[in-house]
Amino acid sequence: MTPEFHRIRRLPPYVFEEVNRIKARLRGQGVDIIDFGMGNPDMPTPKHIVDKLVETARDPKAGRYSASKGITGLRKAMANYYGRRFGVKLDPDREVIATLGSKEGFANLAQALTAPGDVIICPNPAYPIHAYGFIMAGGVIRHVPAGSPEEYLSGISRAVKHSAPPPSVLIVSYPSNPTAQWVDLDFYKEVVALARKHDLLVLSDIAYSEIYFDDNPPPSLLQVEGAKDIAVEVNSLSKTYAMAGWRVGMVVGNERMCAALARVKSYLDYGAYTPIQVAAAAALNGPQDCVDEIRAIYKGRRDTLVESMKRAGWDIPAPPASMFAWAPLPKQYESAGSMLFSKLLVEEAGVAVAPGVAFGEYGEGYVRIGLVENEHRIRQAARNVKKFLSNADEILGRAHNALGSQ
C-alpha cells in the first residue's frame, strides 16, 4: 500500500464521515433527513449585499486579481465595525487583514506563527481548525479541558508548567463552537494577564460575535487594555450576514502578527473576488437591521428546539450565543457514546447531529445541534426524537447485536 503523505498522516480520519455516509445512503433511498449536523446558514444573504455584488461584477475590470490582504475599502469597513461595536481603534493598513473566511485566516496564521515542535494551548472540545491548523503547520497541541470557561482558565497555567518546550500560543474562542459558551470582559482580562505572565501570543476566534440571544453582546478580547500587544482576533461575516459561502473573514489586532499573515497570504492568494469584497464592505457599512433579523431567527429556533425537545424527553440547555446547542446525550443513550448515538439518531429518526467526540475527547457525551432548520422542521425532529427515545432499548439492542456480529 502506498504510504500517506507526511502532513496527511498527521490528520485524523474525518470523524463526521461515518454520519455523512449514512445521510447520503438514506437520502438516496428518498428519506427526508432533518439535518442539524453542519453550521451552514440556510437563510438568504440580505438583498442590499447581493445587489452590491451584482452591480460591482458588471464592471469590466472586476475580474482582475485583487489584493491578498484585502482591498482598502473593506479593511476600513472592518476597522470601523470594530470601532462601532467594541470601541476598539484599529489601523486598517497595519492591524486589519481581510481573509477568505475565518478558517483560512486561522490556518494561515498558524503557518505564519509556528515553528516545528512549537507547543500550542488549545481548548478541548474545540472547532477542529483550532488544533489542526497548527498540527498541519508542524505544531504540537496541548489540549486543555474546556467544559466551562472557568475550567479552561484554570488549566492554562498547569499546561504551561507541564509543557516542554514552553507553549508559544494560546487559543480562545467565545462564543464557542461547539459548546456555545459565552464569556464576559473579565474573562479576557484574565486571559491577557496569563498570556503576559507566560509570554504567550493569543489567538481569539469570535466568529459568532453577533449571534447572541439574551441582550448579552459578546465582548472582544481587544477591548482589554494592552491586548493588541500580544493578540489578534479572527472574525467572520459568514453567520452575521448569512454569507458563509462568500468566504469573507478578518484577522485584526497585533501589527506584527498581521504583517506575518499578510506575507504568508501574499505567496498563496490574491484575495477574494473584488465584487465580493465590495459587497462585504457594503454589509459592514450599511443598515444593520438585517443582523437583528437574522439573530431573531436563530433565537426563535433556539427557543423552539429547547421547548420541543424537552416535551420529547430530551433536556437541552438553552445556548446563550452562537448558532448551536451543545446537548448532553439523553439518559437512555448515555452508554452508547456520541458517535453511535449520532449514527442511530439519523438511521432511526432521520435527524442528523454532530457527535461531540468530533470536537475532541472532552466532547464525548454530547452532540452539537446546528440551528439550521426552520421551526416547523425542528418540531418535526422533536416528534421523531420522542419515538426514538421511547424505543431506546429495542434500538440499542439491535445496534449491539449488529456490532457483535461484525
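Residues numbered from 1 in each chain as written. Predicted model: local features only at pLDDT ≥ 70, side-chain atom pairs only at ≥ 80, totals over all residues. Heavy atoms only, no water.

K.L.:
Looking at this structure, I do not really get the overall build of the protein. What am I missing?
P.N.:
Counting secondary structure elements, the protein contains 14 helices and 12 strands. Its C-alpha radius of gyration of 22 Å places the protein within 12% of the 22 Å reference for a compact globule of 406 residues. Taking the principal axes of the C-alpha coordinates as reference, the protein spans close to 60 × 55 × 50 Å. Out of the 406 residues in the protein, the part that is buried amounts to 56%. At a minimum sequence separation of 6, the contacts of the protein that also span at least 24 residues come to 76%. Carbon and sulfur atoms make up 52% of the accessible area of the protein, which totals about 18200 Å². Across the protein, the centroid of the 47 positively charged side chains sits 4 Å from that of the 44 negatively charged ones. (Helix = DSSP H or I, 4+ residues; strand = E, 2+ residues; numbered from the N terminus. Rg over C-alpha atoms; globule rule 2.2 N^0.38 Å. Buried < 20%, exposed > 50% of the residue type's maximum accessible area, 1.4 Å probe, protein only. Contact = heavy atoms within 4.5 Å. Areas by Shrake-Rupley, 256 points an atom, 1.4 Å probe, with all protein chains shown as cover. Lys, Arg positive; Asp, Glu negative; His and termini not counted. Charge placed at Lys NZ, Arg CZ, Asp CG, Glu CD.)

K.L.:
Got a minute to help me understand the pairing of strand 5 (residues 169-173) in this structure?
P.N.:
Moving residue by residue along a regular strand, the side chains alternate between the two faces of the sheet. Within strand 5, 5 of the 5 residues are buried, leaving the element largely enclosed by the surrounding structure. Residues Val-169, Ile-171 and Ser-173 point to one face of strand 5 and Leu-170 and Val-172 to the other, with burial holding for every one of them. Sheet topology places strand 3 (residues 119-124) next to strand 5; 2 bridges connect them, and they run parallel. Paired with Ile-121 across the strands is Leu-170, a residue of strand 5. Bridge count between strand 5 and strand 6 (residues 201-205): 5 bridges; the pairing is parallel. Directly across from Ser-173, in strand 6, lies its bridge partner Asp-205. For the handedness criterion, the β-α-β arrangement of strand 5, helix 8 (residues 185-198) and strand 6 is classed as right-handed. (Pairing = 2+ DSSP bridges. Right-handed = clockwise from strand over helix to strand, strands pointing away.)

K.L.:
How should I be thinking about helix 13 (residues 375-390) in this particular structure?
P.N.:
Quick reminder: α-helices carry 3.6 residues per turn. Residues three or four places apart thus point the same way. Helix length check: helix 13 (16 residues) gives 23 Å between terminal C-alpha atoms against 22 Å at 1.5 Å per residue, within 8%. Where helix 13 begins, the capping side chain belongs to Asn-374, and its oxygen is found 3.1 Å from the backbone nitrogen of His-376. (Expected span 1.5 Å × (residues − 1). Polar contact = N/O pair within 3.5 Å; in protein donor to acceptor, adjacent residues only side chain to side chain.)

K.L.:
Before we go on, may I ask you to explain the sheet that holds strand 5 in this structure?
P.N.:
Two strands in a sheet stick together by hydrogen bonds in their backbones, pointing the same way (parallel) or opposite ways (antiparallel). The strand order across the open sheet built from 7 strands is 2-8-7-6-5-3-4, with neighbouring strands paired in mixed fashion. Sheet topology places strand 2 (96-99) and strand 4 (140-145) at the edges, where each strand pairs with a single neighbour. Here the strands of the sheet are splayed against their neighbours by 20 degrees on average, with no regard to which way each runs. Here 6 bridges tie strand 3 to strand 4, and the two strands are oriented parallel to one another. Opposite Pro-123, over in strand 4, you have Val-144 as the bridge partner. (Axes fitted to C-alpha atoms, helices over the stretch in contact; angles between N-to-C directions.)

K.L.:
Help me understand the packing of aromatic side chains in this model?
P.N.:
Here the distance between the centres and the angle between the planes together describe a pair of aromatic rings. Taken as a whole and assessed by the stated rule, the structure comprises 14 aromatic pairs. Counting every residue linked through ring pairs, the aromatic cluster contains Trp-314, Tyr-333, Phe-341 and Phe-388. (Phe/Tyr/Trp six-rings, centres within 6.5 Å; stacked < 30°, edge-to-face > 60°.)

K.L.:
Help me understand helix 6 (residues 128-136) in this model?
P.N.:
Inspection of helix 6 places Ile-129, His-130, Ala-131, Gly-133, Phe-134 and Ile-135 among the buried residues, and these make up the whole buried set. Buried residues along helix 6 sit in contact with helix 5 (101-113), strand 3, strand 4, strand 5 and strand 6. Residue Gly-138 follows helix 6 closely and has a positive phi angle near 100 degrees.

K.L.:
What exactly am I supposed to notice about the domain arrangement of the protein here?
P.N.:
Interfaces are often described in size by the accessible area the parts lose on coming together. In terms of domains, the protein is made up of domain 1 (6-44 + 289-404) and domain 2 (61-287). Counting residues at the interface gives 32 residues for domain 1 and 32 residues for domain 2. For the pair domain 1 and domain 2, the interface holds 2 salt bridges. At the junction of domain 1 with domain 2, the criterion picks out 12 residue pairs in polar contact (both at pLDDT 80 or more). If you list the elements that add at least two residues to the side of domain 1 that touches domain 2, you get helix 11 (289-312) and strand 9 (324-328). It is helix 11 that provides the largest number of residues to the side of domain 1 that touches domain 2, a total of 8 residues. In the side of domain 1 that touches domain 2, the residues fall into 19 nonpolar, 5 polar and 8 charged. (Domains from an automatic or database assignment. Salt bridge = Lys/Arg side-chain N within 4 Å of Asp/Glu carboxyl O. Nonpolar A, V, L, I, M, F, W, Y, C, P; charged D, E, K, R; others polar.)

K.L.:
Explain the packing of helix 5 against helix 6 here, please?
P.N.:
For any two helices packed against each other, the geometry comes down to the angle between their axes and how far apart the axes lie. The geometry of helix 5 relative to helix 6 is characterised by a closest axis approach of 8 Å and an angle of 40 degrees between their N-to-C directions. As far as their axial angle goes, helix 6 and helix 5 are oblique. The crossing of helix 5 and helix 6 is right-handed. Contacts between helix 5 and helix 6 pair Lys-103, Phe-106, Ala-107, Ala-110 and Gln-111 from the former with Ile-129, His-130, Gly-133, Phe-134 and Met-136 from the latter. Across the contact of helix 5 with helix 6, the residue classes break down as 6 nonpolar, 3 polar and 1 charged. (Parallel < 35°, antiparallel > 145°, perpendicular 65-115°, else oblique. Left-handed = near helix turned anticlockwise from the far one by under 90°.)

K.L.:
Looking at this structure, I do not really get the UniProt feature "domain: Aminotransferase class I/classII large" (unreviewed entry) in the protein. What am I missing?
P.N.:
Listed under "domain: Aminotransferase class I/classII large" (unreviewed entry) in the UniProt record, and renumbered for this structure, are residues 32-382. Taken end to end, residues 32-382 is 42% helix and 15% strand, and its two terminal C-alpha atoms sit 14 Å from one another. (UniProt positions renumbered as here; feature names shortened; annotations may be inferred.)

K.L.:
Where do I start with the environment of Leu-26 in this structure?
P.N.:
Along the chain, Leu-26 turns up in helix 2 (residues 17-28). Expressed as a C-alpha distance, the spacing of Leu-26 and Val-346, which sit 320 residues apart in the sequence, is 8.7 Å.

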